[in-house]
Structure formats: C-alpha cells, structure tokens
Amino acid sequence: MLAYVIRRLLLMIPTFLGILIINFVVLRLQGPTLVEQMQVSGGMGEGATAGGGDRKVQGAAKDVENYLDRFRRAGNDLPAIINLRGFHDAGDYAGWLRDTIANGRHKDTPSKRNRLEKELWLAGPQAVVPLVAVLADKANVDIHILAAQALTYCAYITLNPRDLSGMPSAELQRIQQRNETLRNNRILHLNTREAGVTVVDPKAAEKRAVLLALFAEPQTQAEYAARAGGALSAMVFNTGFVDFMVKLATLDLYSESRKEYVFTVIADRWSITFWLNTIAILIAWAVSIPLGIHSARRIGTLEDRITTTGLFLAWSMPAMFLGTLLLYHFCTDTAASKAWFPNRGLSSDGAPWMPTGAYLLDLLWHAFLPLMVLSYASFTALSRYMRANLLEQLDADYVRTARAKGCSDDTVVYGHASRNSLITMITLGSGLLAELFSGALIVELIFSIPGLGWLMLEAAVERDAPLLMGSTVISVSLLLVGILIADLLYAVADPRIRSRYV
Amino acid sequence: MTEPLLQFDDLHVTFALRERKVDAVKGVSFTVNAGEVVALVGESGSGKSVSAMSCLRLLQEPPATYPSGKILWKGENILQMKAERLRKLRGGEIGMIFQEPMTALNPTWTCGAQVAEALELHTTLDAAGRKARVIELFNQVGIPQPQTRYDQYPHELSGGMRQRICISIALACDPQLLIADEPTTALDVTIQAQILDLIKRMQRERGMAVLFITHDLGVVAEIADRVVLMRHGQVVEQGPVAEVYANPQHPYTKGLLACRPRLGVKRDRLPTVDDFMASEA
Amino acid sequence: MSEQPEPVPPVQPATLQSPASLAWQRFIARGSSRFGLVVMSVIVALGIYAPFISNELALVWWSKDGLSFPAFTDLFNRRSYEKPHDLFFNVAALLLPPLLVGQWFLRQRIRTGRRIAGMFALIIAVGLMCWTPFIPGKNGWTAIWDHRPFVEQNIQTWRELPPESRPLAVFAPVKHRFDATYPGAVLQSPGTHNPLTGGTYWLGTDAGGHDVLTHLFFGARISLTVGLVATGLAFFIGIIIGAVSGYFGGWIDILLQRMVEIMMCFPTFILILTVVAMLDRDIFIIMIVIGLTGWAGVARLVRGEFLSHSVRDYVVAAEALGLPKWRIMFRHIMPNAIAPLIISATFAIAGSVGAESGLAFVGLGDPTTPSWGVLMEQGRQNIRYPWLIYTPGLAIFIIVMTLNLLGNNLREAIDPKNNR
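Residues numbered from 1 in each chain as written. Chains lettered and ligands numbered in written order. Predicted model: local features only at pLDDT ≥ 70, side-chain atom pairs only at ≥ 80, totals over all residues.

1. Quick notes on the overall build of chain A
Part 1 of the reasoning: When helices and strands are counted, chain A shows 22 helices and four strands.
Part 2 of the reasoning: Counting every position in chain A, which comprises 502 residues, the buried fraction comes to 38%.
Part 3 of the reasoning: Look at the contacts in chain A between residues 6 or more apart in sequence, and 72% of them connect residues 24 or more apart. (Helix = DSSP H or I, 4+ residues; strand = E, 2+ residues; numbered from the N terminus. Buried ≥ 20, exposed ≤ 12 C-beta atoms within 10 Å, placed from the backbone. Contact = placed C-beta atoms within 7 Å.)

2. Quick word on the overall build of chain B
Part 1 of the reasoning: Looking only at helices and strands, chain B has eleven helices and eleven strands in total.
Part 2 of the reasoning: Each principal axis of the C-alpha atoms in chain B carries an extent, and together these give about 65 × 45 × 45 Å.
Part 3 of the reasoning: When the 281 residues of chain B are sorted by exposure, 43% land in the buried category.

3. Considering the environment of proline 248 of chain B
Residue and element names in this part refer to chain B.
Part 1 of the reasoning: Turning to its location among the elements, proline 248 is positioned in the loop between helix 9 (241-246) and helix 10 (251-259).
Part 2 of the reasoning: Remark: the alpha-carbon pair of proline 248 and glutamate 237, spanning eleven residues in sequence, is separated by 8.2 Å.
Part 3 of the reasoning: Ignoring any residue separated from it by four or fewer positions in sequence, one finds proline 248 in contact with Glu237, Thr253, Lys254 and Leu257.

4. Side note on the sheet that holds strand 1 (residues 58-63) of chain C
Neighbouring strands of a sheet are bound in pairs by backbone hydrogen bonds; such pairs are parallel or else antiparallel.
Residues and elements named next belong to chain C.
Part 1 of the reasoning: Read across the open sheet, the three strands follow the order 2-1-3; overall the sheet is antiparallel. With one partner strand each, in any of the chains shown, strand 2 (66-68) and strand 3 (168-171) form the two edges of the open sheet. Across the sheet, the mean angle separating the axes of adjacent strands is 5° when strand polarity is ignored.
Part 2 of the reasoning: Summarising the sheet, strand 1 and strand 2 pair through three bridges and their orientation is antiparallel. Bridging from a neighbouring strand, tryptophan 62 pairs with leucine 67 of strand 2. (Pairing = 2+ DSSP bridges. Axes fitted to C-alpha atoms, helices over the stretch in contact; angles between N-to-C directions.)

5. So, the nonpolar core
Part 1 of the reasoning: Leu131 and Leu151 of chain A together with Leu211 of chain B are the most contacted members of the largest nonpolar core, which totals 277 residues.
Part 2 of the reasoning: Top contributing element to this core by residue count: helix 9 (residues 212-248) of chain C, with 19 residues.
Part 3 of the reasoning: Formed by seven residues, the second largest nonpolar core is a distinct cluster that contains Ile48, Leu87, Phe88 and Ala92 of chain C. (Core = buried A, V, L, I, M, F, W, Y, C linked by C-beta atoms within 7 Å.)

6. Focus: the interface of chain A and chain C
Part 1 of the reasoning: If you look at the interface, chain A gives 40 residues, while chain C gives 33 residues.
Part 2 of the reasoning: Here the residues of the side of chain A that touches chain C sort into 30 nonpolar, nine polar and one charged. (Nonpolar A, V, L, I, M, F, W, Y, C, P; charged D, E, K, R; others polar.)

7. Details of the pairing of strand 9 (residues 209-214) of chain B
Where a strand is regular, its side chains alternate between the two sheet faces.
Residues and elements named next belong to chain B.
Part 1 of the reasoning: Burial analysis of strand 9 places six of its six residues in the buried class, the great majority of the element.
Part 2 of the reasoning: Of the pairings in the sheet, the one linking strand 3 (residues 37-41) to strand 9 comprises five bridges and is parallel in character. Bridged to alanine 39 within strand 9 is phenylalanine 212.
Part 3 of the reasoning: Regarding topology, helix 7 (residues 189-206) serves as the crossover connection from strand 8 (residues 177-181) to the parallel strand 9, and that connection is right-handed. (Right-handed = clockwise from strand over helix to strand, strands pointing away.)

8. Details of the sheet that holds strand 11 (residues 234-240) of chain B
Residue and element names in this part refer to chain B.
Part 1 of the reasoning: One open sheet holds the six strands; their spatial order is 7-8-9-3-10-11, and the pairing between them is mixed. Each edge of the open sheet is held by one strand with a lone partner, namely strand 7 (94-97) and strand 11. When strand polarity is set aside, the average angle formed by the axes of neighbouring strands in this sheet is 15°.
Part 2 of the reasoning: Inspection of the sheet shows strand 10 (residues 226-231) paired to strand 11 by six bridges, in the antiparallel sense. Its bridge partner lying in strand 11, methionine 230 is registered against valine 235.

9. Side note on the packing of helix 15 (residues 302-316) of chain A against helix 17 (residues 387-414) of chain C
Part 1 of the reasoning: Packing of helix 15 of chain A against helix 17 of chain C brings their axes to within 8 Å, and their N-to-C directions diverge by 125°. Taken together, the axes of helix 15 of chain A and helix 17 of chain C are oblique relative to one another. Judged by the twist between their axes, the crossing of helix 15 of chain A over helix 17 of chain C is right-handed. For the pair helix 15 of chain A and helix 17 of chain C, the contacting residues are Leu313, Trp315 and Ser316 of chain A in the first and Phe397, Val400, Met401 and Asn404 of chain C in the second. (Parallel < 35°, antiparallel > 145°, perpendicular 65-115°, else oblique. Left-handed = near helix turned anticlockwise from the far one by under 90°.)

10. Remarks on the pairing of strand 8 of chain B
All names here are of chain B.
Part 1 of the reasoning: A large share of strand 8 lies buried, amounting to five of its five residues.
Part 2 of the reasoning: When strand 7 meets strand 8, the two strands line up parallel, connected through four bridges. Across the sheet, glycine 95 pairs through a bridge with leucine 178, a residue of strand 8.
Part 3 of the reasoning: Pairing analysis gives five bridges linking strand 8 to strand 9, with the strands arranged parallel. Looking at strand 9, one finds that alanine 180 is bridged to phenylalanine 212.

11. Some details on the confidence of the model for chain B
The predicted coordinates ought not to be read in detail in places where the model reports low pLDDT.
Part 1 of the reasoning: Predicted confidence across chain B gives a mean pLDDT of 88, with 98% of residues reaching 70 or more.
Part 2 of the reasoning: Interface predicted TM-score (ipTM) for the complex: 0.87; the corresponding pTM is 0.83. (pLDDT = per-residue confidence, 0-100.)

12. Description of unusual backbone geometry
Residues and elements named next belong to chain B.
Part 1 of the reasoning: With a phi angle near 50°, aspartate 174 is a residue other than glycine that sits in the positive phi range.
Part 2 of the reasoning: In this structure aspartate 174 comes out as exposed when scored by C-beta crowding, with 12 C-beta atoms within 10 Å.
Part 3 of the reasoning: We note that glutamate 182 has phi near 45°; this positive angle belongs to a residue other than glycine.
Part 4 of the reasoning: Here glutamate 182 is to be found in the loop between strand 8 and helix 7.

13. Some remarks on the confidence of the model for chain A
Part 1 of the reasoning: Across chain A, pLDDT averages 79, with 84% of residues at or above 70.
Part 2 of the reasoning: Confidence over residues 41-53 of chain A falls short of pLDDT 50; this stretch has 31 contacts with residues more than four positions distant or in other chains.

14. Some thoughts on the environment of leucine 6 of chain B
All names here are of chain B.
Part 1 of the reasoning: Position of leucine 6 relative to the elements: it lies in strand 1 (residues 6-16).
Part 2 of the reasoning: The class of leucine 6 is buried, set by 22 C-beta atoms lying within 10 Å.
Part 3 of the reasoning: Along the chain, leucine 6 and phenylalanine 276 lie 270 residues apart, while their C-alpha atoms are 32 Å from each other.
Part 4 of the reasoning: With near-sequence residues (within four places) excluded, leucine 6 lies in contact with Thr31, Val32, Cys55, Trp73, Leu177 and Leu211.

15. Regarding the environment of methionine 230 of chain B
Residue and element names in this part refer to chain B.
Part 1 of the reasoning: Locating methionine 230 in the fold gives a position in strand 10.
Part 2 of the reasoning: When the 26 C-beta atoms within 10 Å are taken as the criterion, methionine 230 is described as buried.
Part 3 of the reasoning: When the C-alpha atoms of methionine 230 and glutamine 152 are compared, they prove to be 40 Å apart, with 78 residues separating the residues in sequence.
Part 4 of the reasoning: What methionine 230 contacts, discounting residues up to four positions off in sequence, is Val28, Leu40, Val41, Gly42, Ser46, Gly47, Lys48, Val235 and Val236.

16. Comments concerning helix 11 (residues 268-278) of chain C
Part 1 of the reasoning: Buried residues dominate helix 11 of chain C, accounting for ten of its eleven residues.
Part 2 of the reasoning: Within the span of helix 11 of chain C, buried status applies to Thr268, Phe269, Ile270, Leu271, Ile272, Leu273, Thr274, Val275, Val276 and Ala277 of chain C.
Part 3 of the reasoning: As for helix 11 of chain C, its buried residues are in contact with helix 1 (2-27), helix 19 (409-446), helix 20 (452-461) and helix 21 (465-493) of chain A together with helix 12 (283-293) and helix 15 (325-361) of chain C.

Structure, rendered in structure tokens:
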C-alpha cells in the first residue's frame, strides 16, 4: 500500500513540473516590450520633452526605474532557459551599441529594439564590467553616451521589500546612495516635439566623467562582479525558470500591481475555494450515488424515465446560465419583493459580531446557492455514470452467480454490484475534479465570492504574472492532492490494484 | 416410479426485444430424476442454456417471457414461484455453475466470503461455523491450502481453481440438483478432465442429480446417464446414452455422431450434419 | 424416442450491411435522434442564412432603375464580413443549395461514404480559402471586394422616400443589421419599437445597442465555428499523438503519456484564461487556444484503441505484408477506432461551445463578435435585464443539449446494450 502511494507521488512529480513549465512558457508570452512601455510613459530618450525642466526629466527617469524593478522582481529580465550574458565582453557590447545608432538614430525595427532591451538595459550586474570597459575606452567615443546610459540602468540595483527590512542599514544606505547618484547622472536624450530633433543632454560630458570616476574604484567593480557570478554558473542559475522555481520554493513571488507578496494574497483566499469545492464534491457524491442506484433499479419505469431526462437536461445546462438565473430570480431586490438569498460574498456585514449559531446559519444562507451551482454539474454527471455503470454491472457474470446463490435483489445491488461500480466511479470522479475548479471560477464571479478562481481571473486580466503563476501553482497542487486521494481510495476499493504493489 | 426431481413440460421461452421477438425454446419436455446425470446437448443457439437458466429464473424477465409450459420442481411450478420461495430454491435446493470461471466471481470479495455468503443465506451456522464449513468444502473440491485461499481474491487464482470455488459455492448447501452450464468449455483439456472427475465424484458421494449442459459428445459419454439433444429450441432426441449413441434415430443425431473424427479410420472428408439433414429430411 | 421437428427456414439478409450502415439505421430509428438532427439543422440554417433573416437591406429592390438584390450582393461586401468565419458562412449560404442538390442527384452514382467525405472536403477547402483574405499583408483578395459600392438600398432610405415614389421592396423579417447600433437603443426591453427602421426589438437590445434577436442568429455562426474549429484542431493533435503513442509503444508511449497526463491534470479553463489574457482577445485566437488545450482526452481514447488493435491478427498480417507503418495506422486500424471518436467529437463540440461562452462570460471574450457568451456577460453585469440572460442561455442550452442528445444516441447505436 505504501509502495503504491510512493509510486503515485513519484509519478506526480513530472506532471507537476510539466505544469510549471507550461505555465512559465505561457506567461512569458506576455505583453509589450520594456522599450515600448518606457516610451509610452515618456521615460526613455525619445519621449521626454525639453520644456519640462529637470524635475520632469527626473520623474521620467524614475518611471524607467520602476519598470526595471517590476521586470526584475518578476524575473522577466532574465532569459528563460539559458543565460549567455556572462560570456559577452566589451567588444560585443560596443558592437551592439553601434548597431543601434546607425545613421545617428535608434533603429526602429522591433527585433533590433528587443535586442537592445535584452542585452543592454536588462542585463543587470553582468553587463556592468564590460560596459565600464566600453566607457573607458577612448576608441568608443561615438557610443560613450549610449554606453553611459546603459550603464546607469545596468548598475541600478533593485531593492525588494524583504531587502528593505532584512539588509543591514549601512549596506542599504550605500546602495540607495549609489542608485541616487546613478539617477542624477543619467544622460538623457531630449526631444523637442515641434522640431523633432534629438538633443543630447548638455551635461553629458560631466555626467560621464562622474560615472567613470564612480566605477573606476576596483571595489565597486568587484562588487558588481560578485553580483554577476561566474559565467558558467550564471548560465544555468541566472535564468528565468530557475528564478521562478526558487521564488516559488521560498514563497518569494511579489505582485507589482497589488504591492504585496503573492502568497499573502493567496493565503487570504484559498481556504474559501478549498472548502467550497470540498463540500461541493461531498454533496455531489452523497446525492449521485443513491440517485444513480435508485434509477438503475427501476429502469424502464416512468419514474426512471423522468429522472433520466431530468438529469440529462441538467447536465446540458451551462453553469453560468443556471447561476445567473438563480442570481436574477432569488438574489436581486426588485420593487415588488426582497431577495430570498444574498447576492454577494459569504457573510453579511455584521458577521464577525454574530454569535456562533447565527454565524453558521448566515454562512449557510450565503453559501447555499453557490454550493448548488457548484455541485450540480458534478452530481448530474456522476448520477448518469452511476446508473449506466450499475446497469453494466448487473449484466455481469458474478451477479448471475450471486443470484444463483439465492441473494435477494437488495443484496445483489448493494453488496455486490455497487462495490464494483464504485471503483469505476472513483476514476471518473477524479476526472471531474479539474472541471470543478473551472466551475468554481464562474460561481465565484457570479456570487461575488472572494476565492482563488476569481483571483486568478483578476490576475490574468491585469497580466499580473507572479500572482497568476502563484495561484495556478496552488490550485494545481490542490487538484493533484485531490487526484492522489482519489487514487488512494481506488486502491482501497479495488483489491486487484492492491495486490500489484504489495 | 418416483416423481421426477425436475420436469420440463412443454416449455416455451420467447424474448421480446425492441424490434422483434425471438423464440428461443419451442416446446421442450424432458425430466431429470433423483441421482441421475442428464446431459443436455446442442449447438450454440439451440436453446440449452436458456432452458437451464430458466430453471432458476435467472433470465432477465422483461425481455424473457414464458408464454406457455412449466418447469416442475418436485411438483411445484418454478415459473410461478414467488420471490421468497425462489430464493430458497436457488442455492438451497438447486446449485448452478456457469461457463466462465474467470468472471463468475466478484472481484472485490474474497473467495471465502463468497462461499460463506451462500451458507449465510441458507443455513443457520454462525460465522465460525461457516468458515469451518467453507474450509471443509475447499478440501472436498480439491483446493490446496484452503486456509490461505479463504482470504485470497479471485484474481489471484487460476481458471481451474476459480471453477472449483464456483463448484463449492454451488454445493455449499447440499443441493439435490446441480445444473452445470458448460463448466469446462473455457478451461484447457487437463483441467477439464480434473473438473469432470470432481463433478462425477461429488455426484456419487452425495447422490445428487446433475443436469450437465455441453456441446461436447465425448464429455457426455464420460459423465452422463441420459442424454437430451436439442436443436433450434426443440428436443430432437433423448434417451439413455448407450442407446442413443448406438442407435441414433433422428438424422441430426446421426449427423452429429458421424461427424466425430475417429482415430484409425481413414476418410477423405469429414461428413457434416447438413449431409444427413438434407438426405433424410 | 425421437421427435421430428418442422424444418426451420434459413434466414438470409436482404442486403449485405456494413457496421456503419447498421449503426446509422439504429441511430435514425430513434425518435430523439431525428429530433436532434432537425434542431441541429435548424441552428445551422439559421447561422448560415442569418443575413437573409435579419438585415436592413432589401432582399429584392425593384425601382425604376431596375431589379436588384441588395442583400445578396452585400454578402461579399467587405463591410459585411469582418472576420473570416463571416465570409465563410456567406459563401456557404450560396454554396449550400447546389451542394445538397448535388448530393441528391449523385446518390446512385457515388457511394455514400465517398459522397459525404467529398462534400466535407469541399467545405473545408472553401473554409480555408475564406481565411486567406485575412492573412496580414495579402491584400489581393480583399482588394476585389473593397471596391464594391456601399449598398444604399436599405429600409431607412426606403422609409425616407415619400410613399408614392417608394420602389417595390421585400425586406427580411427582422429589419436590423447585426453590427448596427441605433441612437438611444441601449438596453431596451423586448417589444420596443425602433423609430428609425420601423421594426421592433423582438428580444430587446443589449448593452451596446445591438438587437438581441439578430445577435442570436449571428451568434450561431460563432458558436458553430468555435465548436468545429476547436474540436477539429484538438482531434487532429489528439489523433496523431494517440496513434503514435498506441501503435509504437515503448519510450515514445511513456513520454507522450506523461504529456497527456499533464494536460489532463491542468484545469484547462485556467490555461485558456491565462493564454487569452496574455494574447489578444480575438475570436480566432480563442478558437485555437481551446483546441490546443483540449486534445488530451482524445489522445487517451485513441491510444487505448490503437493499443488494443495493434496486437490483433489483422495488423500482424498487414505488417507481414510489408505495408508502411503510417498506412497500417491510418487505413487499417483507424476505421476501427473511428466510432468512439465520433461520439467523443459531438461531446467535444458541445464542450467547446461551452468553453467559448464561459470565456466570454468572465470577460475574456471577443467583444466585437455577436457571441452568445458576450450577451450573457452583459446579462450578468446588468442583472435587471432578464432577456440578456435568458436568450443566450437558452440558445447555448439548446445547442449543448442537442449535441449531447446526438452523442448519446450515437453511443447507443454504435454499441447497443439493450439487445441480449
């Protein structure tokens, strides 16, 4: 038995990994490039207007830093699978910088822009040493401005909320001061809207000198080299996927739009989904098994025909239709009558101050309709399966043997046939678990219940990748746990499985 | 002459299906007396299994109907028995074993429990008594290591073993008639011989009547006292085995007996039943 | 003692019957199958001929300038089709009568299987051609239709003319276009009069001001397209993966089985949600994504069938003859495995329709299409307008129920359990 459990657990690991990979790949499909976002916010180069003065320019520079922070916290600055940045030297960077300014303007093709973005601005500490070399080399006069610009972004260190509380304050101050210096000395391209001419920052040369001085200290270079890590280890470990896995394992995912750690947000909501789904499963099984048996025993009668037709119609009814109908009929106040059921959430406003009994009743009142909608898809399917399966079992040879022994009809149905039906039902039931999670989303949306499904929907709409990843991982884990439990029950019910692993 | 144990009296069985009606048994009459072995022989579709299953009313009643005829068990008409009486009959007075031992047992119950259930239904033994009786039965039917077998599941046993379990279920409550519906067809030849020996032995030891359904004429010769031949739902010939084999009256019987390949007899072509039916019909 | 029974006449079937035709006869014998087929045909017909049922343009316009058929010519006006499936349905509207007539006349000449397969191949070819004008960058096709003049022979101009000079015009029953919004016509209840066209909003209007009844008809196009395309894609992928996995076995099987299990364990709705949120909200992308996430069940089914068949004697015989593997797989084993696939396909189409509506319901649908799910979402947002809930809900319910009914009956017909 234990061997069976361990085997099932081991088989789930590749499944789980596969799901993580799919999730990761899908979420990397996202959104506009950094450069486009920056241009939209007017932060980088081409967008900033000359007339706004220094403060506006500084504000735009801060926006770029915010974007960088978001990207780095989400791990989107790192390449997905392999990180080859450690193998690029000053010459490579010089070449790229030159590519982008052919004819004196940034080339407009998206592919060039993407490379610019990935290799130059998102490269982080790994690009600092080469860029300093480029900046120091007198032969690179034509690209000094760009190199300095890129350097200020690469050398900018992103601070996580956990760093703010965790790091020693001296260290923190030093980093913040350096970020400040970098920001103040960011060389910007200013663009006059009317003339359409790109004017370089008049203080460019000064700023470049300051930057050179800052990075000339071997201590600073060593610090950045340490942050970058060795080229080979960075190749494997400084990648998006590894970063995601580490963040997942240490519960470190951070959601930008909500300014909170992902697992904090989830922790508030997952228990509601969990309990709703569990109770819905229990209701579905408790209703469907007797119903299926009852209708199979009375096959051909009018009662059976009505039940079968009713179950068939209910099975075809989409959950959203039923839910919205119930919401409309029972939960909205019209001029004529007050609603029978509440239409939002799982508790009324005065809930925390109610005595326990009243609180439980209130909870039941709120949860009744959602539970009904959530469970009806499962229980209609399960009833139909149970009925069909029981009819199959009643045709089997061992039932004939049992009857020939003199067993009464009840004994045959309940003692013999049902036990075998349950085996198939458990397998079918575990297949319905995945659907239950999708159904939960719709129910939560209709009845405004703050659960995991709705959280995932919000995260998807907001394109909040960390939150979406985190919540998908949680819901898939719950699903896998459910499937594991179903497999265990299956082993308990079917002796043939047990003896294979004993 | 004593009253026959089981008497088929012009039995008709019709299946009322959705599109059509099928007359499976069209007026079958024969008897089985106490202590004798009667073989019911015929091809697939001749109606022999249907007749046998009708003895215990094991056919599903809505498609199966009995338009006329009776099956009398010690004078009582089985076709009109009430549910309670029928349940006492099944297993208590008549035991039955079937063709497919691989699927005849419930996969989720232990072998011992399945045999014990038969005892629970028809005897007043307590749990310990039932277990003892089951072990005893296992010994009688030749199941080695009965104590271990009691707690094993059917899928852990071979086909021959499973058939022995089925036999012990059928014999658990000392029935007066054993109906065996082609019990050896699905087994290989050596196991077949063992099961046949077992049935013969049980029949002798208990003085049971046996209604043995088969399509194998060799098995009939080995085990039966009397033979009843069926074709297309009707009895074509019946009588003591030696007589029928020596002097077949009906062309069908003649054809069947002539079709058997025989060692030492040289022939170009095996005759078929049709040869006999065409020439003499 | 022996008896002479009367001779039994041998039973000869009148015609030889293939398993497919036997199954079809069992299928069509049931009343509910016939009902289901009729309902399905009605839905398909409504979808295809929607522009003739609800259109502002006249079907026939007979003025002193001559006789014209504005609704027909407008079918190919670029304005009338914004998405590929609209063009396909418009083409189908014209193609369908000749196809059906052709099927009828050729029924003696060509075998049924080939005839039907030929018709489907033609339909698929036309469908693929209809997607070509929409490939970005290729303006050749659209250029032809873009130059057609804007057709002005609609009900509004007709009503504006003084009564004595109105030409003879026959209009469609519902006088609204699916993309037309009338000023002040947002969320009107059923039965409201439309002053501009003189028609009535039989089922009210939605939050965007479109006539709900018209959206009902045009929404059928979307549902049918999503169902067929998504299911087609899922089955294509699933069959290939399942066939390779089941026939070849070994490590290929193990690897592919892990992939199938991953896809089955993933709540696909969440995956669809994620992908659609990351990409555009285009109906085409939704269709493709639903198809790409739904192949796991099919693969498992096909694998089971192929596993059980590939050890049978007829396959061994084919291999002994030296037939190439793909030929064995798809010409010998496949016809045996088709039956459960067809049943599964009907349920898959129902599932795809439900998935697309579900996506639209949670807000990730394509708002530019007259999809039923989008109507339901508006119903949820504006909870006091029940016609926005009932209309699309009943429509989706009917289509899903019909498909489920057909699937059930097919299952019974192919594998009858009632006969003993």
